[in-house]
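# Structure at a glance
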Amino acid sequence: MGDVFDYPLQVKKLQEMAYAYYVLDEPIATDEEYDVLYHQVKAFEEQNPSSIDPTSPTQRVGDTPLQDFEKNTHLQRMWSLDDIFNQTELQEWIERILKNYPNSSFVCSPKFDGASLNLCYEHGKLISATTRGDGHIGELVTQNAKAIHSIPLSIPIQEKIEIRGEVVMSKDNFHALNTLRMQTNQPLFANPRNAAAGTLRQLDSKIVAQRKLLFVPWGFGYTATKPSSFYDALSQIFKSQFFHPPFIKRCKTIAEIQECYELILKNRDSYPMMLDGMVIVIDEMTTQESLGFTIKSPRFACAYKFPAVEKKSQIQSITLQVGRTGIITPVAELTPVEIEGAMISRATLHNFSEIAKKDIRIYDNVLIIRSGDVIPKIIKPLTQTRNGDELPITPPTHCPICQSELLIEEKFIKCQNLACPARIQESLSHFVSKKALNIDGLGDKIIAQLYSEGLIRTIQDIYAITKEDLLKLEGWKEKKAQNTIESIENSKGIELWRFINALGIEHIGEGASKKLQNAFGLEVFNKNKEDFLELDGFGEEMAQSLATFNTLNQDKIKNLLSIINPKVTDRKENSSHWLFGKSVVLTGTMQKERNAIKEHIESFGAKVTSSVSKKTDYLVYGENAGSKLTKAQELGVQCLNEGEFFSLFS
């Protein structure tokens, strides 16, 4: 067969069949013809392994499931888009661009609701596929990407390029998948977006191949050759056997853009995939470079989101959740209703004052809204539909978890039992969270698992966990356990303010924790109420809460300090710095990340406040600075733009 079988020609023919079937949805061969040729190609490859073409359709699915995903760094950061929600916001956004770049044109395309993926090609070959992750680093899912037929294994573009897009699942495939999972008693996916994201992170690429995902390009990251037009560059990508979205248009005016939006909105239900808006991108690449980025998003692009979707549901019951401070939050359990592809069955009611104010009752029909926000909101009860079966929602008198008598305050109801299992778990989750000890691998679900297995009851227990303990638990493997243990170990020696914030002291948040670190260092735990009242911004309630916590938890604090050994900035070194003791206000859109600027300033012993006053020493402003800049100028405060401010450090 090897002598007469033209392998390169047959591979090319197979690729054309696959492209027509999976991408164009216009088959050029029957299923039987494709299968016969597929197996002929595969048989040749088995007999001639050294001749295998890596772009052959037979090479799409890996044979061995992965144990875990590696991390991979994007060549160029992946950004999130800022949202606009109406014609007024569109006009403001466009006019802001045209004010400085009057000749700009814009590219409009549907915003697909899926999982973002970054494909890297070099010398025309796919070398990696990485999820968005935190924008800098994502998970390497190359093996799974190769199982998606709408992702070409090779393209005619030879220079190194990152092609970015959305991995989506069609509504038909989503319903078929959930029907199959229902028949096999597996948990159902909430919506096509979750199904696509969950599939992309499967460790077995054969499962990915079965679920018929689609990759829709929407842009690019790193390119060796800098294009002049976004639209032209994207058009070139579409010619490389990628799926071409059903609508993409270059516009010059606000009216044209609004027309595109209304057309996509009108046809959204006829699209085979879920849409949640329209993407607008400036076409001229030089203008994109000039505008740059904010902390989290490009200034040259935005997402024009579809209007909020309102749906009606019925409250079936109320669940009471207990937070780490003991506050009881009522949650409405709803008759499940689908909103924008998400099945909504719960919505927070915030507190019992809110319930009384809106007169919400069990069995009420209620109006729910979901737009932009992931969390659905109950707008109001539909009182006109009441039939007399509705029941008032009565505030509880005892904790639903530990049955302790509750403290009834003006707005809030609290469980005062520090040994309440719900409070303990919430406190543990807060301790390891991002703004506290920032321990990777210990999310809420893992904390709940470790608690239910009896591995942790106190914060100290976290530091006694061993890899062997974790490997005995369901769902834990060597790499995951090792990474978690290393994350716990790496949390030792963190900044003192993080340690203070992690303790979950009532009324003491991130800002107060930093003030306490700068004012007292490790002596903070030996100070009293009067000492705290001397600090700017510390009132009676905060000072009393902290003093009481110190008194009641002396042994616990001492033990944790010996384990974690938090570090304190040397305030003596800072005292000679020109920023030491100064008050700084930040306003406007900065080039650098706002939190990074704040931490940098505070590291020199300065304090960053939110409002301008006569006590403000410096106001640092970025683009679109508003009333704070005006007020600072009126008060004679020294005002510096971001560049001027940072030039002072050198």
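These numbers were taken from a predicted model, which means no experiment stands behind them.

### Some thoughts on the UniProt feature "active site" (unreviewed entry) in the chain
The positions UniProt marks with the feature "active site" (unreviewed entry) are Lys111. By the secondary structure assignment, Lys111 is in strand 3 (residues 106-112).

### Focus on unusual backbone geometry
Residue Gln241 is not a glycine yet carries a positive backbone phi of 65°. Considering the arrangement of structural elements, one finds Gln241 in the loop between helix 8 (230-238) and strand 9 (249-251). Relative accessible area serves as the criterion here: at 36%, Gln241 is assigned to the partly exposed category.

### Quick word on helix 8
Taken together, the buried positions of helix 8 are Phe230, Ala233, Leu234, Ile237 and Phe238. The buried side chains of helix 8 occupy one side of the element, clustering within an arc of 145° when seen end-on. The backbone nitrogen of Tyr231 has a side-chain oxygen 3.3 Å away, supplied by the residue at the start of helix 8, namely Ser229.

### Structural notes on the domain arrangement of the chain
Under the domain assignment used here, the chain contains domain 1 (7-59), domain 2 (82-305), domain 3 (310-407), domain 4 (421-491), domain 5 (496-564) and domain 6 (583-648). Here the C-alpha centroids of domain 1 and domain 6 sit 61 Å apart.

### Regarding the pattern of salt bridges
Considering all chains together, one arrives at 19 salt bridges under this definition. Residue Asp113 pairs with Arg193 through a salt bridge whose shortest N-O separation is 2.9 Å. In this pair, Asp113 sits in the loop between strand 3 and strand 4 (115-122) while Arg193 sits in helix 6 (residues 192-200), placing the two residues 80 residues apart along the sequence. Using a relative accessible area of 23% as the deciding quantity, one classes Arg193 as partly exposed. Between Arg201 and Glu139 there is a salt bridge, with its nearest N and O atoms 2.5 Å apart. Taken together, the residues span a long stretch of sequence, with Arg201 in the loop between helix 6 and helix 7 (205-210) and Glu139 in strand 6 (residues 137-139) at a distance of 62 residues. A residue is classified by how much of its surface remains accessible, and Arg201, at 44% relative accessible area, is partly exposed. The class of Glu139 is buried, set by a relative accessible area of 13%. When salt bridges with common partners are traced through the structure, they connect Asp359, Arg361, Asp364 and Arg386 into a single cluster.

### Regarding the environment of Lys582
Note that Lys582 resides in the loop between helix 22 (571-574) and strand 21 (583-587). Take Lys582: its relative accessible area is 29%, and that puts it in the partly exposed class. It is 8.9 Å that separates the C-alpha atoms of Lys582 and Lys615, two residues lying 33 residues apart in sequence. Beyond its immediate stretch of four places on either side in the chain, Lys582 contacts Ala606, Lys607, Asp617 and Tyr618.

### Points about the pairing of strand 23 (residues 618-621)
Relative to strand 23, strand 21 runs parallel, the two being bridged by four bridges. Across the sheet, Val585 pairs through a bridge with Leu619, a residue of strand 23. By the bridge criterion, four bridges tie strand 23 to strand 24 (residues 638-641) in an arrangement that is parallel. Residue Leu619 lies in a different strand from strand 24, and its bridge partner there is Cys639. The handedness of the strand 23 to strand 24 crossover, carried by helix 24 (residues 627-635), is right-handed.

### Details of helix 16 (residues 478-490)
Its 13 residues place the ends of helix 16 18 Å apart at the C-alpha level, agreeing with the 18 Å of an ideal helix rising 1.5 Å per residue. Along helix 16, the positions that sit buried rather than exposed are Ala481, Thr484, Ser487 and Ile488. Seen along its axis, helix 16 keeps its buried residues to an arc of 125°; they face one direction. Contacts from the buried residues of helix 16 go to helix 14 (459-462) and helix 15 (467-471).

### Some points on the side chain of Ser297
Considering the arrangement of structural elements, one finds Ser297 in the loop between helix 10 (285-291) and strand 11 (301-305). A relative accessible area of 0% places Ser297 in the buried class. There is a polar contact of 2.9 Å between the side chain of Ser297 and the side chain of Asp82. For Ser297, the residues in contact, after removing those within four places along its chain, are Trp79, Ser80, Leu81 and Asp82.

### Details of the state of the cysteines
Applying the stated criterion across every chain, the model contains zero disulfides. Looking at Cys260, it has no disulfide partner, and the nearest cysteine sulfur is the one in Cys251, 3.5 Å off.

### A closer look at the nonpolar core
Ranked by internal contacts, the top residues of the largest apolar core, which has 70 residues, are Leu117, Leu119, Tyr121, Ile151, Ile257, Met278 and Ile280. If one sorts the elements of this core by residue count, strand 10 (residues 275-282) sits on top with six residues. With residues near it in sequence (within four places) discarded, Ile151 still touches Arg60, Leu117, Leu119, Tyr121, Leu126, Ala145 and Phe215. Formed by 47 residues, the second largest nonpolar core is a distinct cluster that contains Phe431, Leu503, Phe532 and Ala543.

About the criteria used
- Within each chain, residues carry numbers counting from 1 in the order of the written sequence.
- Only residues with pLDDT of 70 or above have their local features reported here, since the model is predicted, and side-chain atom pairs are shown and tallied only from 80 upward, although totals for entire chains, interfaces and linings are computed over all residues.
- Side-chain numbers here rest on the full set of heavy atoms in the structure, without hydrogens or water.
- UniProt positions are given in the numbering used here, feature names are shortened, and annotations may be inferred rather than shown by experiment.
- Every helix listed is a DSSP run of H or I at least four residues long, and every strand listed is a run of E at least two residues long, numbered separately from the N terminus.
- Only protein chains enter the accessibility calculation, which uses a 1.4 Å probe; a residue whose area is less than 20% of its type maximum is buried, one above 50% is exposed, and one in between is partly exposed.
- Think of the arc as the fan of directions from the helix axis to the C-beta atoms.
- Polar contact criterion, stated in full: a pair of N or O atoms within 3.5 Å, where within protein one must be able to donate a hydrogen and the other to accept it, and residues adjacent in sequence count only if both atoms are side-chain atoms.
- Delimitation of the domains relies on an automatic or database domain assignment.
- Each reported salt bridge corresponds to a side-chain nitrogen of Lys or Arg within 4 Å of a carboxyl oxygen of Asp or Glu.
- Only heavy atoms matter for contacts: two residues are in contact if any of them lie within 4.5 Å across the pair.
- Here, any two strands with at least 2 DSSP bridges between them count as paired.
- Here, the term right-handed applies to a crossover whose path from the first strand over the helix to the second runs clockwise when the strands point away from the viewer.
- What a helix should span is 1.5 Å times the count of its residues minus one.
- Note that a disulfide, as used here, is simply two cysteine sulfur atoms within 2.5 Å.
- Residues belong to a common nonpolar core when they are buried Ala, Val, Leu, Ile, Met, Phe, Trp, Tyr or Cys residues joined through side-chain atoms within 4.5 Å.

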